[in-house]
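Breakdown of the fold
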Amino acid sequence: MSQPVSIVLNNAADYVEWRHAARGLLADHVPPDQVAFRRAGTTADLFAAAGVAEPAPRTYDTGQGPSHRVPRAFPPLAIAALCHRDDSRFALLYRLLWRLRDEPHLLDDASDRDVWNAQRMAKAVRRDAHKMKAFVRFRRVEHGDDDGEAFVAWFEPEHHIVERTAPFFARRFAGMRWSIVTPDCSAHWNGSELSFGDGASRETCPDSDALEDHWRVYYASIFNPARLKVNAMRAEMPVKYWRNLPESRLIPELTRSAQQAQRAAPAGTAPSRSTARRLVANQPDMLPVSDERPQTLEAIHHQVSRCTRCELCTVATRAVPGEGPADARLMLVGEQPGDKEDLAGRPFIGPAGEVLNEALAESGIQRDAVYLTNAVKHFRHVVRGKQRIHQRPAVGHIEHCRWWLDLEREIVAPRVIVALGATAARAVLGRAVSVSEVRGQVIADDSGNVVIVTIHPAYLLRLASENDARTERGRFVEDLRLAASGAR
């Protein structure tokens, strides 16, 4: 049996440094479960958990160990994933490299747990780099020398992307002297050479300069109130970046002006039903203000009980919030509450909930370990005699409730989201999809989350044929097992 090995890496996202260590480990035939990667200045959790002393760190010289043939897709995947902030990334990529020796087509299996996690990390890094390119704003600083003006920008990335993204700014602003400062790392361009240094605090950067007025004039001039979509704007320009954007101060006033202009527009031909739904879904005054943004599930539950964002609040008994632990690795999203859920105020306790409970148990998932919620929080129905008959939510209802669903996703931060049915899939992915076409596939949404689309358990109750019901139920359980494997 191989002896445990400790590898100390000096850099957070240096692919070359990690590759040298990985080649040496492969040459020494060290299996992944005997390796503990750690950053310099930290401890190795592998040995601490086992209650044994950490062995002396092993180092490998550049080029030590033979090179190994890997699929063409592996280096770019590894380069991106290494920029993720998850400390498990080093071991994950070495495990993939170890497995690729015997499984050369491993990366083609998107449902494999290791491949899945690596792709998820790479997706999150690419998205973070895109946000950096979009939301860095330079401010002029005075140096008091003869070298001309210089510019500084403050940015707070989620991952280690500064060295990866800085060349973009060197090309884009080649004629400027600039620095981009982040908490972890800083990038500097002197007009001909790019260099990197330690991070710093926001207080070291200027808060404003004359350029901000130009930004605001430009933003106001290109703002088109007729194309205002608040949900889309929040998705592409998250609130966390607003305090560093000079144009963000204009957003409340511009959205209010756009709303007033829409209300003051002269009467004419009535819009189509789809257009009316879009207009209602994007009314700015129906969005909670940023200083009331709930930060916990308890706060969401309290606020959603008072939600009046659409007319469903006038016909349902109550809003039904999500249920489950705040650190759940698996989130299941249904369509809307049913009759029993509406009366009790809890999700998935009716007939469809019983089917779901059985399928969860069969797939090895504990219900109380899962966060259960719905795309729409109120029960849409029609009354026929003494019965309340389920009605599918409209697109406007889905869009209104995405505010709550996005908050739940942000706070819970699950590894995997299962969308139960077409309505849930639309709410989670932000677009309409065919369940039959994407069912059982591993999908990455725009935020880098892993999503699996399957049927709603209520569908099984509507099947008349026992054979069809048995077959579909088996497929449903397999979909849940796939989700569970990715959430571990």
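What follows is about the overall build of the protein chain. Of regular secondary structure, the protein chain possesses 18 helices and 14 strands. Residue burial in the protein chain is summarised as follows: out of 488 residues, 46% are buried. Within the protein chain, contacts between residues at least 6 apart in sequence are counted, and of these 71% link residues at least 24 apart. By element, 49% of the accessible surface of the protein chain is carried by carbon and sulfur atoms, the whole surface being about 24,900 Å².

On to the sheet that holds strand E4 (residues 150-154), then. If you trace the five strands from one edge of the open sheet to the other, you get E3-E4-E5-E6-E7, paired in mixed fashion. This sheet does not close on itself; its edge strands, each paired only once, are strand E3 (139-141) and strand E7 (194-198). Each strand axis lies, on average, 25° off the axis of its neighbour in the sheet, ignoring direction. Pairing geometry for E4 and strand E5 (residues 178-181), over four bridges, is parallel. If you follow Trp 154 over to E5, its bridge partner there is Val 181.

With that settled, consider the sheet that holds strand E13 (residues 443-444). Spatially, E9-E8-E12-E14-E13 is the arrangement adopted by the five strands of the open sheet, whose pairing is mixed. Edge positions in the sheet fall to strand E9 (371-374) and E13, since each of these pairs with one other strand and no more.

Most often, soluble globular proteins have nonpolar side chains that are buried together. Grouped together as the largest cluster of nonpolar side chains are 58 residues, with contacts concentrated most on Leu 330, Leu 332, Val 333, Trp 404, Val 416, Val 453 and Phe 476. With residues up to four places along the chain from it excluded, the contact list for Trp 404 reads Pro 294, Ile 300, Gln 303, Val 304, Cys 307, Arg 309 and Lys 377. Core analysis: the second largest hydrophobic core is formed by 32 residues, Phe 37, Leu 93, Leu 96 and Ala 118 among them.

Under the counting rule described, the total for this entry stands at 19 salt bridges. The salt bridge involving Arg 475 is made with Glu 472; its shortest N-O contact spans 3.5 Å. Here Arg 475 pairs with Glu 472, and both are found in helix H18 (residues 466-487), just three residues apart, close to one helical turn. With a relative accessible area of 41%, Arg 475 lands in the partly exposed category. Three or more residues joined by partner-sharing salt bridges are found here, namely Arg 95, Arg 99, Glu 103, Asp 112 and Asp 114.

Scoring rules and cut-offs
- Residues numbered from 1 in each chain as written.
- Predicted model: local features only at pLDDT ≥ 70, side-chain atom pairs only at ≥ 80, totals over all residues.
- Heavy atoms only, no water.
- Helix = DSSP H or I, 4+ residues; strand = E, 2+ residues; numbered from the N terminus.
- Buried < 20%, exposed > 50% of the residue type's maximum accessible area, 1.4 Å probe, protein only.
- Contact = heavy atoms within 4.5 Å.
- Areas by Shrake-Rupley, 256 points an atom, 1.4 Å probe, with all protein chains shown as cover.
- Pairing = 2+ DSSP bridges.
- Axes fitted to C-alpha atoms, helices over the stretch in contact; angles between N-to-C directions.
- Core = buried A, V, L, I, M, F, W, Y, C linked by side-chain atoms within 4.5 Å.
- Salt bridge = Lys/Arg side-chain N within 4 Å of Asp/Glu carboxyl O.

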